Amino acid sequence: MAARDTGENTKGPLAQPGIYLGRMVVFLILVGFLAFILFKQITPAFLANPGLNGLILGVLLIAVVIAFGQVIHLFREVAYVNAAARNAPSKRPPALLAPMVPMVAARTAGATLPGTAGYLDIIAARLDEGREILRYIAGILILLGLLGTFWGLIDTLSAVGGVIKGMRGGGDAGVMFDELKSGLAVPLSGIGLAFSASLFGLASSLITGFLELQAGQAHARFHNELQDWLMSGEAAVAAVAADASVPVRAAGGAGTQELKEAIDRLTALVAEGGGSRAATLAMTNLAEGIQGLVQHMRAEQQMIRDWVEAQASRERELKQVLDRLGRERV
């Protein structure tokens, strides 16, 4: 137990989410490198509908900023909990953990306040709500891509209809075919670029989904480690109570067993009609057994008083910590 406490004091019970932030940065670097390689192929597709494609890239940029913000703000939360575990809490608790300041202070004192599990559920709900915007943006990017596709198809079909209406009838079939071919060259060449919005929309949705996944894993790790640390205080109190109750039960059982054996010996002598000397010896053994039981009961009472005083001392320390934190928040 001592080794564990030392590890918590030096490093803290919660790990920083730097690994997830590193994954996000590496992923974006790979995406940028791929876009650089395919720059010549991507440029005509982007210029086919620069307005809508630019909107898609702008929404993607917003999603990237939000995803990084969801992970970066955990650094402050983790730093606050680790500082509290080292008995050096910050004067201004972060917004996410503000409702759990008493729970963190109680765990620092080695206890777990009632209702901690409910507050942990609230923290999990808040973390999940923070990622809802990323899920919504991923769906919006796909819809924008489909919108661009239908927009391009409508323009292409309108151009084809105009070409057909502009054809002159009654002429040579070869001449009409040449006119049709030259008229359809422009809309047919642009029909492939009409799907450029879908290309940018799906690619942006893929990037947003990966970033949301990393943010979700960082949030899950933070919540799980916070839950393990806070609930370990309840297990420590239960272990102390169990350790204190074992000697009491053992001492009481030993004294009761000695008294029972003395009474059984006295009863057997009386039933057998033994002499006064044997009866006197049995009475002496009974008195010694009763005296031993009384001593064990006194030892039990002293152990119980010591345990109650220790618990009262911890409660006073916890109250002082909570009062100090309340004054600092004010």
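Residues numbered from 1 in each chain as written. Predicted model: local features only at pLDDT ≥ 70, side-chain atom pairs only at ≥ 80, totals over all residues. Heavy atoms only, no water.

Trainee: I'm lost on the packing of aromatic side chains in this one. Help?
Mentor: Note on aromatic pairs: each is described by the distance of the centres and the angle between the planes. The tally for this structure, following the rule as stated, stands at two aromatic pairs. Ring geometry for Phe46 versus Phe200: centroids 5.9 Å apart, planes at 70°, classification edge-to-face. Remark: Phe200 occurs in helix α8 (residues 196–272) and Phe46 occurs in helix α3 (residues 39–48); sequence separation between them is 154 residues. In this structure Phe46 comes out as partly exposed when scored by relative accessible area, which is 25%. For Phe200, a relative accessible area of 10% translates into the label buried. (Phe/Tyr/Trp six-rings, centres within 6.5 Å; stacked < 30°, edge-to-face > 60°. Helix = DSSP H or I, 4+ residues; strand = E, 2+ residues; numbered from the N terminus. Buried < 20%, exposed > 50% of the residue type's maximum accessible area, 1.4 Å probe, protein only.)

Trainee: What exactly am I supposed to notice about the environment of Leu113 here?
Mentor: When you line up the elements, Leu113 lands in the loop between α5 (101–108) and α6 (116–166). Note: C-alpha distance between Leu113 and Leu230 (117 residues apart in sequence) is 9.0 Å. Those residues in contact with Leu113 that sit more than four places away from it in its chain are Pro102, Met103, Ala106 and Leu318. (Contact = heavy atoms within 4.5 Å.)

Trainee: I would appreciate a short explanation of the layout of surface pockets in the present structure.
Mentor: To find the voids left in a structure, one rolls a probe of water-molecule size over its atoms. Approximately 470 Å³ is the volume found for the largest pocket. Lining the largest pocket are 15 residues, with Val31, Ala35, Ile42, Phe200 and Ala203 sitting closest to its centre. Put simply, the parts of the chain that give the lining of the largest pocket at least two residues each are α2 (18–37), α3, α4 (50–85) and α8. Of the residues belonging to the lining of the largest pocket, the class tally is 14 nonpolar, one polar and no charged. (1 Å grid on protein atoms, 1.4 Å probe; cavity = no way out; pocket = protein on both sides within 12 Å on 5 of 7 lines; lining within 4 Å. Points joined across faces, edges and corners; volume = space filled by probe spheres on them. Nonpolar A, V, L, I, M, F, W, Y, C, P; charged D, E, K, R; others polar.)

Trainee: Sorry, what's going on with the packing of α2 against α3 here?
Mentor: The description of two packed helices rests on the angle between their axes and on the distance between the axes. Contact geometry of α2 with α3 gives a least axis separation of 5 Å together with a crossing angle of 85°. The angle between the axes of α2 and α3 places the two elements in the roughly perpendicular class. Of α3, the residues touching α2 (which contributes Ala35, Phe36 and Ile37) are Phe39, Gln41 and Ile42. Here the contact of α2 with α3 is composed, by residue class, of five nonpolar, one polar and no charged. (Axes fitted to C-alpha atoms, helices over the stretch in contact; angles between N-to-C directions. Parallel < 35°, antiparallel > 145°, perpendicular 65-115°, else oblique.)

Trainee: It is not clear to me how the nonpolar core should be interpreted in this structure. Could you clarify?
Mentor: The nonpolar side chains of soluble globular proteins are, as a tendency, buried together. By size, the foremost hydrophobic cluster in this structure holds 44 residues, and its most contacted members are Val81, Leu97, Met100, Ile123, Phe222, Leu226 and Trp229. Of all the secondary-structure elements, those providing two or more residues to this core are α2, α4, α5, α6 and α8. Among residues more than four places away in sequence, those in contact with Leu97 are Glu77, Tyr80, Val81, Ile123, Phe222 and Leu226. (Core = buried A, V, L, I, M, F, W, Y, C linked by side-chain atoms within 4.5 Å.)

Trainee: In this structure, what is going on with the pattern of salt bridges? I would like to understand it.
Mentor: Opposite charge on two side chains lets them pair, provided their charged atoms get close. Considering all chains together, one arrives at six salt bridges under this definition. A salt bridge links Asp128 to Arg135; the nearest nitrogen and oxygen atoms lie 3.0 Å apart. For Arg135, a relative accessible area of 35% puts it in the partly exposed group. Look at the salt bridges and you will find they share partners, linking Asp128, Arg131, Glu132, Arg135 and Glu212 into a network. (Salt bridge = Lys/Arg side-chain N within 4 Å of Asp/Glu carboxyl O.)

Trainee: Even after reading the chapter, I still don't get the packing of α2 against α4, so can you show me in this structure?
Mentor: At their nearest, the axes of α2 and α4 sit 9 Å apart, and the two run at 160° to each other. Regarding the angle of α2 to α4, the classification is roughly antiparallel. Regarding α2 and α4, the two cross each other, and that crossing is left-handed. Contact residues: Gly18, Leu21, Met24, Val25 and Leu28 in α2; Val64, Ala67, Phe68, Val71, Ile72 and Phe75 in α4. Among the residues forming the contact of α2 with α4, the class breakdown is ten nonpolar, one polar and no charged. (Left-handed = near helix turned anticlockwise from the far one by under 90°.)

Trainee: Hey, could you run me through a nonpolar patch on the surface in this one?
Mentor: Where nonpolar side chains cluster on the molecular surface, the patch consists of Phe33, Leu34, Phe36, Ile37 and Leu38 and spans about 550 Å² of accessible area. Counting through the fold element by element, Phe36 comes out in helix α2. (Patch = residues over 30% accessible without salt bridge, like charges linked within 9 Å, V, L, I, M, F, W, Y side chains within 5 Å. Areas by Shrake-Rupley, 256 points an atom, 1.4 Å probe, with all protein chains shown as cover.)

Trainee: Honestly, the side chain of His219 in this entry has me stumped. Any pointers?
Mentor: Inspection of the secondary structure puts His219 in helix α8. Contacts of His219, omitting those with residues within four sequence positions, involve Gln70, His73, Leu74, Leu127 and Arg131.

Trainee: So what exactly am I meant to see when it comes to the confidence of the model for the protein here?
Mentor: The predicted structure's coordinates, where accompanied by low pLDDT, should not be read in detail. Per-residue pLDDT for the protein averages 74, and the proportion of residues at 70 or more is 62%. No element of the protein has a lower mean pLDDT than helix α1 (residues 2–11), at 43, and none a higher one than α2, at 94. Within the model, pLDDT remains below 50 along residues 1–10, and this stretch shows eight contacts once partners closer than five positions in the same chain are excluded. The low-confidence segment residues 235–254, where pLDDT is below 50, has twelve contacts with residues more than four positions distant or belonging to other chains. (pLDDT = per-residue confidence, 0-100.)

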